[in-house]
Amino acid sequence: MIKEEFTCTCNGMTICGLVFRPEGENLPIAIISHGFMANYRTTQGYAKWFAERGYLAFCFDFNGGGLMCKSDKDTTKMTVYTEAEDLQAVLDYAKARPEADASSITLMGCSQGGVVSALVAAKLQDEIRNLILFYPALCIPDDARAGKMMFAKFDPENIPETFWCGPMKLGRGYAASVLKTDIIEEISAYEGKVLIVHGTGDRIVSYYYSEKAQATYPNAALKLIPEGSHGFSKKDDRTALGYVEEFLVD
C-alpha cells in the first residue's frame, strides 16, 4: 500500500489530507469525512481499509473543522455547507488523479461528516455510486432550533456572532445556516445506494434520525448496533465494517 500526503484548495483555503492506494490504475475512489471537532486521524483507518480492498482512498481535514486540523483553521467560518464545499474540492482533486476511476465514487462520513457526505451526494446524484453514513448527525438543525448544540447553548432567536462549543469557537453561521433546514428532505434527493450504521446507545445523536433517513431515502439500508455509542468501539467498528463490506459487494 502507498501512503501520500495531498493538498487542494477551496475558496482560497488549503485542505490537507492523506491518500492510501494500492499499485494500479482505474482505482475506484473512496473519500471519508470526519466529524465535528475531529480530524483525518480519526478516519485514516477507514481509508486504509478501503485501500486494502483496491480503492484510491482519501481522508482529510475540513477547513475550520476541528482544533487539531492541518487544514486552514478559522473555526468561526465553518458550517456544514462550507464543509460540503470542501468535500467537493477533495472529490474534484481525487477525480483528476491519473490512477482514479472517476466513474466509481464512494462517499463515507462519520457524524457531521455523514451529514456533509449526504449533502454532496444529494447534489451530485448519479456521480456518486455509494453513500455510507456512520452515526450521521442529522440532529444538527433540530439542535440549532433548540439553541443547544453539543456543549453550546444560545438563544436561537438571537444567535451571537461567535460562541463556544466546549474548546471550539464557532461563528453565528454554524447555527444560523441550518435553522430553516429540513435536512432529511434535503439529503433524500440522492437516489443511489445508501448504508447507514448507527448505535442504539448513541447519546449524542439519537438513532431515530437514521431511522427517519432510511425511511425517506429511495434505496437505503439501516444497520443498528445494539448499545453502540457515538464513535464505535473497536468491536462495533469491526461489525460496522462488516456491514460495509457486504454493502459494497451487493
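Our subject is the structure listed above.
Basis of the calculations
Residues numbered from 1 in each chain as written. Predicted model: local features only at pLDDT ≥ 70, side-chain atom pairs only at ≥ 80, totals over all residues. Heavy atoms only, no water. Core = buried A, V, L, I, M, F, W, Y, C linked by side-chain atoms within 4.5 Å. Buried < 20%, exposed > 50% of the residue type's maximum accessible area, 1.4 Å probe, protein only. Helix = DSSP H or I, 4+ residues; strand = E, 2+ residues; numbered from the N terminus. Contact = heavy atoms within 4.5 Å. Pairing = 2+ DSSP bridges. Right-handed = clockwise from strand over helix to strand, strands pointing away. Phe/Tyr/Trp six-rings, centres within 6.5 Å; stacked < 30°, edge-to-face > 60°.

Time to look at the nonpolar core. If you look at the biggest cluster of nonpolar residues, it comprises 62 residues, and the most contacted ones within it are I31, F58, L131 and Y217. Among the elements that make up this core, the one with the highest residue count is helix 3 (residues 112-124) (eight residues). The residues touching Y217, leaving out its near neighbours within four places in the chain, are A118, L131, L133, I187, S188, Y190, V194 and I196. Listed in part, the 26 residues of the second largest apolar core include Y40, W49, F134 and L241.

Of all the seven residues making up strand 3 (residues 27-33), seven are buried; the element is thus mostly covered by neighbouring parts of the structure. Of the strand pairs in this sheet, strand 3 and strand 5 (residues 100-110) are connected by seven bridges, and their pairing is parallel. Directly across from A30, in strand 5, lies its bridge partner T106. Pairing geometry for strand 3 and strand 4 (residues 56-60), over four bridges, is parallel. For A30, the partnering residue across the bridge sits in strand 4 and is A57. Considered for its hand, the β-α-β crossover made up of strand 3, helix 1 (residues 44-52) and strand 4 is right-handed.

Turning to the packing of aromatic side chains, a few remarks are in order. On inspection of all chains with the given rule, the structure shows 13 aromatic pairs. Taking 4.9 Å as the distance between ring centres and 90 degrees as the angle between the ring planes, the aromatic pair formed by Y135 and F232 counts as edge-to-face. Here the residue Y135 occupies a position in the loop between strand 6 (130-134) and helix 4 (140-146), and F232 occupies one in the loop between strand 12 (220-225) and helix 8 (234-249), the gap between them amounting to 97 residues. Of the two residues examined, Y135 and F232, each falls in the buried class. Plain terms: the ring middles of F154 and F163 are 5.0 Å apart, the flat faces sit at 45 degrees to each other, and that makes the pair tilted. Summarising the burial analysis for this pair, F154 and F163 share the class buried.

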